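Residue-level listing of the chains:
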Amino acid sequence: MADDPKILVSTQWLADHLKNPDLRVLDTSWYLPDMNRDGKAEYDRGHIPGARFFDIDEISDTRSSLPHMAPPVEKFMSRMRAMGVGDGHQVVVYDGAGIFSAARVWWLFQLMGKTDVAVLDGGYPKWIAEGRPTEDLPPVLKERHMTVQRQAHLVRDVTQVAAASKLGDHAILDARGPARFKGTEPEPREGLRAGHIPGSTNVYYKTLLNEDGTMKPAAALKEAFDAAGADLSKPVITTCGSGVTAAILMLALARIGHKNASLYDGSWTEWGQFDQLTVETG
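Every chain is numbered independently, its residues counted from 1 as its sequence is written. It should be noted that, the model being predicted, local features are given only for residues of pLDDT at least 70 and side-chain atom pairs only at 80 or more, the latter also being counted only at that level, while totals for whole chains, interfaces and linings use all residues. Values reported for side chains reflect all heavy atoms of the structure, with hydrogen atoms and water molecules removed beforehand.

Peer 1: Help me out: how do you make sense of the overall build of the protein in this one?
Peer 2: Secondary structure counts use DSSP, requiring at least four H or I residues in a row for a helix and at least two E residues in a row for a strand, with both numbered from the N terminus. A count of helical and extended segments in the protein gives 10 helices and 10 strands. Radius of gyration: over C-alpha atoms. The globule rule applied is 2.2 Å multiplied by the number of residues raised to the 0.38 power. Over its C-alpha atoms the protein spans a radius of gyration of 18 Å, differing by no more than 12% from the 19 Å that the globule rule assigns to 282 residues. If you line up the protein on its principal axes, its C-alpha atoms span 50 × 40 × 35 Å. Considering the protein as a whole, with its 282 residues, one finds that 52% of them fall into the buried category. In the structure as shown, the protein presents an accessible area of about 12400 Å², 51% of it carried by carbon and sulfur atoms. Burial classes: relative accessible area under 20% of the type maximum marks a residue as buried, over 50% as exposed, and values in between as partly exposed (1.4 Å probe, protein chains only). For every accessible area listed, the method is Shrake-Rupley and the probe measures 1.4 Å; residues are considered covered only by the protein chains on display.

This is the structure we're talking about:
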């Protein structure tokens with residue numbers, strides 16, 4: 001794999017750079033309720049040396065009724081400063097599933113105008129499988145100044161997505177599993193209708209990953225998007241259940257060089273609850 005410190009790096013790359021004083025490693029593990037896993041508890045038991053824990057649910061817009069929406073700029077800055085993550089740092093994010101919630105935090109950094117951030121390919125499982133070092137103590141934190149410039153074009157709200165759905169001028173790509181997309185399987189969150197945004201295309205996030213949790217190479221990613229019927233000649237809006245696996249699509253699009261993409265932050269948790277929004281099934 002060709003390492004790209006702005007998109008994706010290998011476990012070997014991270015091992016080689018782990019003692020770099022300007023490197024910051026973040027454990028961003030977060031899981032769906034049905035996964036029965038606790039990211040913070042797992043971090044406390046063991047993590048990559050020097051890693052800080054990034055709490056997706058806490059570092060979010062807690063004023064919103066929707067789960068882990070992107071935080072206000074001020075909150076993101078203050079949390080990162082307190083964690084000792086600031087300007088001039090190369091950031092590597094990882095999770096305990098391979099590539100799952102780490103992509104969401106990678107996207108959050110992009111949204112905040114921070115581009116020196118990469119996802120660890122294969123995440124903590126690959127790191128452990130290779131017998132690499134871990135520790136169970138949190139690092140000593142020193143505040144670091146961070147400046148943020150929000151990139152509004154990387155996020156979409158329900159009004160913008162509804163317009164895109166109606167006009168057909170964007171490729172709306174849904175990262176959820178095929179059964180949820182078709183509406184044949186109930187949503188894991190109560191009170192949501194089943195189905196998908198009209199005109200959207202199903203690009204199941206797992207089709208972009210290898211069995212070991214690493215991301216497929218660029219050529220295979222292009223094939224996966226083509227096989228799903230994604231029209232990448234249009235600007236892309238990615239969506240999923242709550243804006244986590246949609247970010248895996250964003251990461252894959254970045255890897256193949258597709259620049260014109262944004263993420264629907266409310267995703268199906270928002271769209272599926274409002275009766276005035278049309279739902280397609282099948």
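Peer 1: Looking at this structure, I do not really get helix α3 (residues 73-82). What am I missing?
Peer 2: Three- or four-residue spacings in an α-helix give side chains the same orientation, since the helix completes a turn every 3.6 residues. Every buried residue of α3 is accounted for by V73, K75, F76, M77 and M80. Note on definitions: a residue-residue contact is assigned when non-hydrogen atoms from the two residues lie within 4.5 Å. Buried residues along α3 sit against α4 (101-111). At the C-terminal side of α3, G84 shows a positive phi close to 75°.

Peer 1: What exactly am I supposed to notice about the sheet that holds strand β10 (residues 261-264) here?
Peer 2: Strand pairing within a sheet occurs via backbone hydrogen bonds; the two strands may be parallel or antiparallel. By definition, two strands form a pair when at least two bridges between them are found by DSSP. Taken in spatial order, the five strands line up as β6-β10-β9-β7-β8 in an open sheet, and their pairing is parallel. Strand pairing shows two members of the sheet lacking a second neighbour, β6 (155-156) and β8 (201-202), which therefore form its edges. In the sheet, β6 pairs with β10 via two bridges, with the strands oriented parallel. Each residue of the ladder has a partner; that of R156, found in β10, is Y264.

Peer 1: When you look at the side chain of H47 in this model, what are you seeing that I'm missing?
Peer 2: As for its position among the elements, H47 is in the loop between α2 (39-45) and β3 (52-53). Looking at H47, the relative accessible area reads 0%, which means it is buried. In the analysis that follows, any N or O atom pair within 3.5 Å is treated as a polar contact, provided that within protein one partner can donate a hydrogen and the other can accept it, and provided that, for residues neighboring in sequence, both atoms belong to side chains. A polar contact is formed between the side chain of H47 and the backbone oxygen of Y43, at a distance of 2.8 Å. For H47, the contacting residues outside a window of four places in its chain are D27, Y94, Y124, T134, E135, D136, L137 and P138.

Peer 1: I keep staring at the pairing of strand β9 (residues 236-239) and nothing clicks. Help me out?
Peer 2: Successive residues of a regular strand alternate their side chains across the two faces of the sheet. What you see with β9 is no split at all: V236 and T238 on one side and I237 and T239 on the other are buried throughout. In the sheet, strand β7 (residues 171-174) pairs with β9 via four bridges, with the strands oriented parallel. Across the sheet, the residue bridging to D174 is T239, located in β9. As paired strands, β9 and β10 are joined by three bridges and run parallel to one another. Directly across from V236, in β10, lies its bridge partner A261. For the handedness criterion, the β-α-β arrangement of β9, helix α9 (residues 246-255) and β10 is classed as right-handed. Whether a crossover is right-handed comes down to one check: with the strands pointing away from the viewer, does the path from the first strand over the helix to the second run clockwise; if it does, it is right-handed.

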